[in-house]
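Next come the chains, spelled out residue by residue.
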Amino acid sequence: MSKPTTGGFEKTPGWLDWYDGPSKPQFVLPAGSVDAHCHVFGPGHTFGYAPERKYTPCDASKAQLFALRDHLGFARNVVVQATCHGDNNDALVDALQAAREAARGVATVRRGVSDAELQRLHAAGVRGVRFNFVKRLVDFTPKDELLEIAQRIAPLGWHVVVYFEAVDLPELWDFFTAIPTTVVVDHMGRPDVTQPVDGPEFARFVRFMDEHPNVWSKVTCPERLSVAGPFALNGQRQAYADVVPFARVLVERFADRVLWGTDWPHPNLKSHMPDDGLLVDFIPHIAPTADLQRRLLVDNPMRLYWPEEC
Ligand code: 0GY
């Protein structure tokens, strides 16, 4: 892969660039696998970063994303609008158009978005909007505005992706359950993995999924959630072992409502930048059978993002 650049913007101090020498995974992905959570950043000289952004990344172009897709063995991507681009979805649309049928997108829109803009996004391959509640990433948006957006996108067959911290689930519960579409939770609702997997915090999230069959979860971001870090256990190629029990509970209990993605280019990591090949080798630890792997990587994302092919 080519090296990261900055596109004329000054990166946030301490920014970690994505890793340009990912290893080849040992785990061979099932044919047709989808990387269902990744981003493009810029390049800044073509698609500038939003004035209201909370961080300035290094560029992560569509060509670099597609090179990683091919290197790891994925067939398709779901590209999620990152907060550093605000509600300007041009970099996302550009990536979707270049990928043709091999990518779908999740956009950010504001109240007042026109029907024509929603149609333009749909034609490009957008199939969802993202509501972000992580305070270090976005300013507050009133919930009535978000519900209005959810009602606007529902007739298009789109869904809502939500990103929040585990401690905020009680306060957000009623809002999430009022959303009239499928709701996809980013990164398992960001559990604190130092707590027991059967402790009250994660039990609340499991109950949330149990009680609401329209709720899905991405079993993503071990590198973001892990305290143990990217270290092999007993010489085995198993990183982020402390996240495995959490993801495995969801994969086994909600086999038809889980998605997996790399989260490339891994914005805002502080301790290390993951080797994406090693991240792929995390998958068989959380989805130990070929059947679970196929549902997680192929059947579920295809049903949500390419239903016309199912
Ligand atoms: C992620 C996680 C993060 C950032 C964003 O849109 C974003 O800026 O999603 C984060 O910093 O936790 O999913 O990429």
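So, here's what we can say about the structure. (Residues numbered from 1 in each chain as written. Predicted model: local features only at pLDDT ≥ 70, side-chain atom pairs only at ≥ 80, totals over all residues. Heavy atoms only, no water.)

Turning our eyes to something else, we now look at the site of the ligand. Of all residues adjacent to the ligand, which total 15 residues, the nearest are His39, Tyr55, Thr83, Arg136 and Tyr163. Side-chain polar atom of Tyr55 to an oxygen atom of the ligand: 2.5 Å apart, as the coordinates give it. Relative to its unbound accessible surface of 350 Å², the ligand loses 100% to contact with the protein. When its residues are assigned to classes, the shell around the ligand shows five nonpolar, five polar and five charged. (Near = heavy atom within 4 Å. Polar contact = N/O pair within 3.5 Å; in protein donor to acceptor, adjacent residues only side chain to side chain. Areas by Shrake-Rupley, 256 points an atom, 1.4 Å probe, with all protein chains shown as cover. Nonpolar A, V, L, I, M, F, W, Y, C, P; charged D, E, K, R; others polar.)

What follows is about the packing of aromatic side chains. Scanning the model with the defined rule gives 16 aromatic pairs in all. With centroids separated by 5.4 Å and ring planes inclined at 15 degrees, the aromatic side chains of Trp15 and Tyr55 adopt a geometry described as stacked. Residue Trp15 is found in the segment before β1 (34–38), and its partner Tyr55 is found in the loop between β1 and α1 (62–72); the two are separated by 40 residues along the sequence. Judged on exposure class, the residue Trp15 and its partner Tyr55 are both buried. Of note, Arg76 hangs over the ring of Trp306, and the distance from its end group to the ring centre comes to 4.8 Å. (Phe/Tyr/Trp six-rings, centres within 6.5 Å; stacked < 30°, edge-to-face > 60°. Helix = DSSP H or I, 4+ residues; strand = E, 2+ residues; numbered from the N terminus. Buried < 20%, exposed > 50% of the residue type's maximum accessible area, 1.4 Å probe, protein only. Lys NZ or Arg CZ within 6 Å of the ring centre and 35° of its normal.)

Right, let's talk about the sheet that holds strand β7 (residues 215–218) for a bit. The strand order β1-β2-β3-β4-β5-β6-β7-β8 describes an open sheet built from eight strands, whose pairing is parallel. The outermost strands of the open sheet, each flanked by one partner alone, are β1 and β8 (258–259). Examined bridge by bridge, strand β3 (residues 103–107) and strand β4 (residues 126–132) share three bridges and lie parallel to one another. Looking at β4, one finds that Val106 is bridged to Gly128. The sheet strands contacting helix α4 (residues 143–153) are β4 and β5 (159–163), and the helix crosses β4 at an angle near 170 degrees. Across the sheet, helix α6 (residues 200–211) touches β6 (183–185) and β7, and the angle it forms with β7 is around 135 degrees. (Pairing = 2+ DSSP bridges. Contact = heavy atoms within 4.5 Å. Axes fitted to C-alpha atoms, helices over the stretch in contact; angles between N-to-C directions.)

Attention shifts here to the pattern of salt bridges. For the structure on display, the rule yields 27 salt bridges. Between Asp210 and Arg253 there is a salt bridge, with the nearest N and O atoms lying 2.6 Å from each other. Separated by 43 residues along the polypeptide, Asp210 in helix α6 and Arg253 in helix α8 (residues 244–253) bring together distant segments of the chain. Each of Asp256, Asp291, Arg294, Arg295 and Asp299 takes part in a single network of salt bridges with overlapping partners. (Salt bridge = Lys/Arg side-chain N within 4 Å of Asp/Glu carboxyl O.)

With that settled, consider the nonpolar core. Phe131, Val162, Phe176, Val219, Leu250, Trp260 and Ile286 are the most contacted members of the largest nonpolar core, which totals 104 residues. At seven residues, helix α11 (residues 290–305) tops the list of elements feeding residues into this core. (Core = buried A, V, L, I, M, F, W, Y, C linked by side-chain atoms within 4.5 Å.)

This part covers the pairing of β1. The buried fraction of β1 is high, at five of five residues. Sheet topology places β1 next to strand β2 (residues 76–80); three bridges connect them, and they run parallel. Residue pairing for β2: Cys38 is matched across the bridge by Val79. Note on the crossover from β1 through α1 to β2: the handedness is right-handed. (Right-handed = clockwise from strand over helix to strand, strands pointing away.)

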